[in-house]
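# Understanding the architecture of this molecule
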Amino acid sequence: MSDTEIPEEAPVPQPTEELSSETAGGTLMIDLRAIQANYRYLAGRVGRAECGAAVKADAYGLGMIPVAQALWAAGCRTFFVALPCEGAKLRKTLPEATIYLLGGLLPGSADFVAEHNLQPVLSSVEEISEWAQFCRQQDRRLPAGIHVDTGINRLGLSRSQVECLAASHKDLRAFRITLIISHLACGDMPNAPMNREQLAVFDRLRALLPEARASIANSAGTLNVADFHYDLVRPGIALYGGKALIDRANPMKQVVSLYGTVLSVREVKAGETVGYSATWKCERNSQIAIISVGYADGFFRCLSGSSRSERAHVFIGGQFAPVVGRVSMDMITVDVTDVPSEFARRGGRAELIGPHITVDDLARWAGTIPYEVLTALGPRYCRLYSPYDPR
Ligand SMILES: *Cc1c(COP(=O)(O)O)cnc(C)c1O
């Protein structure tokens, strides 16, 4: 390697003056190298198939631009977003990428979509006519994907619509079909019979359409056996460290850590209560730490301390400390009676997500999925990005 090829430190977003580790209630650390490692792991699993990436919803809340740059540097060339507004933003950063819109063609958006060189994944007869008509007006056979429904009954052409289009419709020849996709309903349960049924329907429908690359696998499908990989996989959550398969260990590297700042610690006497509606009563004299992250930051109110079997914890001073009382908008209260006072003090840091508490743990405690935990991470954090490997 010549001197000029030695990778430079890649640029990542920096904390702003308003949102620094001193001024924000929490610090959110996003490890772009872990995302790259996860990408390489998934790409390595799928053999000759291409590995794309779902970066919709601001890359699941982690920051679409830095995440997409890191993925591009790791070799990713095909990106999936939901909406034209997301695609246009991504296009500014990645002029060469292939960008698909999973939400299809929003009514009246064809001009904008074409101008930003985005590919709608057309999912209804109406969308196909609108795109075809636009292509004829422009006298260009623009590229697009086609979404067929194989059982989830969300987006996608039904079997009879595919048959009808294939038999009679000139619309399909007005544009260039680059991809045929479908989506698994039970992908997170790798042995669910519905997965195989969907593959069979997918193969039947594809055979009726013009030849194009095929894709059915989200993260779960990517982690499943090769039958699900087809030509292109489109993982999201696994890239970001979340668990994609319910009954398996999560093989992905953790990407996110989140730390909250202790605002104060107070003594609460046995018999007194903590927080709104006085839902939690102290059974012993306790030390309660008030930590500056609340439901407005995505620490869901349903994580409030209760007698549920698995309650939410933070990790502070080498110990797990339970969340007690109601989660408020801007803060939580945590029982730190057993935590050494050099950690449980004003200005101390508590891990909410990190080496001891995974995104999957937090999701389980909240009765939800890691997707919702990540996409709910609020705008009030000081965000720190690790550099990524430039190649
Ligand atoms: C979001 C999405 C994906 C990515 O799903 P993960 O479960 O996060 O891997 C793939 N395909 C479609 C159609 C999606 O909407």
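Residues numbered from 1 in each chain as written. Predicted model: local features only at pLDDT ≥ 70, side-chain atom pairs only at ≥ 80, totals over all residues. Heavy atoms only, no water.

### Concerning the packing of aromatic side chains
The full count for this structure, using the stated rule, is six aromatic pairs. Their ring planes at 45° and their centres at 4.9 Å tell us that Tyr60 and Tyr240 sit as a pair that is tilted. Highlighted residues: Tyr60 in helix α2 (residues 56-61) and Tyr240 in the loop between β10 (232-233) and β11 (256-268), separated in sequence by 180 residues. The two residues Tyr60 and Tyr240 agree in class, both being buried. Through a chain of ring-to-ring contacts, three or more aromatic side chains come together here, namely Tyr60, Tyr240 and Tyr371. Residue placement shows Arg206 over the ring face of Phe202; its charged tip is 5.5 Å from the ring centre. A cation sits over an aromatic face here: Arg349 above Tyr259, 4.3 Å from the ring centre. (Phe/Tyr/Trp six-rings, centres within 6.5 Å; stacked < 30°, edge-to-face > 60°. Helix = DSSP H or I, 4+ residues; strand = E, 2+ residues; numbered from the N terminus. Buried < 20%, exposed > 50% of the residue type's maximum accessible area, 1.4 Å probe, protein only. Lys NZ or Arg CZ within 6 Å of the ring centre and 35° of its normal.)

### Comments concerning helix α3 (residues 64-73)
A large share of α3 lies buried, amounting to seven of its ten residues. Those residues of α3 lying buried are Met64, Pro66, Val67, Ala68, Ala70, Leu71 and Ala73. Count one or two residues on from α3 and you reach Gly75, which has phi positive near 115°.

### Looking at the sheet that holds strand β8 (residues 176-181)
Pairing between the strands of a sheet comes from backbone hydrogen bonds, and it takes one of two forms, parallel or antiparallel. Pairing in this open sheet of seven strands is parallel, and the strands run β3-β4-β5-β6-β7-β8-β9 from one edge to the other. Both outer strands of the open sheet, β3 (53-54) and β9 (213-215), are each paired with one neighbouring strand and no more. Of the strands in this sheet, β4 (78-81) and β5 (98-101) are in contact with helix α4 (residues 84-93), which crosses β5 at around 170°. Set on the sheet, helix α6 (residues 125-138) makes contact with β6 (119-122) and β7 (143-147); between it and β6 the angle comes to about 145°. (Pairing = 2+ DSSP bridges. Contact = heavy atoms within 4.5 Å. Axes fitted to C-alpha atoms, helices over the stretch in contact; angles between N-to-C directions.)

### What about the site of the ligand?
Taken together, 13 residues sit near the ligand, with Lys56, Tyr60, Ser219, Arg234 and Tyr371 positioned nearest. A distance of 2.5 Å separates an oxygen atom of the ligand from a polar atom in the side chain of Ser219. In the model, an oxygen atom of the ligand is placed 2.8 Å from a nitrogen or oxygen of the Gly236 main chain. In isolation the ligand exposes 390 Å². Once the protein is present, 93% of that is buried. (Near = heavy atom within 4 Å. Polar contact = N/O pair within 3.5 Å; in protein donor to acceptor, adjacent residues only side chain to side chain. Areas by Shrake-Rupley, 256 points an atom, 1.4 Å probe, with all protein chains shown as cover.)

### As for the domain arrangement of the protein chain
Here the domain parsing of the protein chain yields domain 1 (12-29 + 254-386) and domain 2 (32-240). The C-alpha centroid of domain 2 is placed 37 Å from the C-alpha centroid of domain 1. Taken residue by residue, the interface counts 13 residues in domain 1 and 14 residues in domain 2. For the domain 1 and domain 2 pair, buried surface summed over both sides reaches about 1,100 Å², with 68% attributable to carbon and sulfur atoms. Considering only the side of domain 1, the residues that lose the most area to domain 2 are Val255, Tyr371 and Leu374, jointly responsible for 44% of the buried surface there. Put simply, domain 1 and domain 2 have zero salt bridges between them. At the boundary of domain 1 and domain 2, one finds three residue pairs in polar contact (both at pLDDT 80 or more). Of all elements in the fold, only α11 (370-376) and β19 (382-385) reach the threshold of two or more residues within the side of domain 1 that touches domain 2. Here the residues of the side of domain 1 that touches domain 2 are counted per class, giving nine nonpolar, three polar and one charged. (Domains from an automatic or database assignment. Buried area = accessible area lost by both parts, 1.4 Å probe. Salt bridge = Lys/Arg side-chain N within 4 Å of Asp/Glu carboxyl O. Nonpolar A, V, L, I, M, F, W, Y, C, P; charged D, E, K, R; others polar.)

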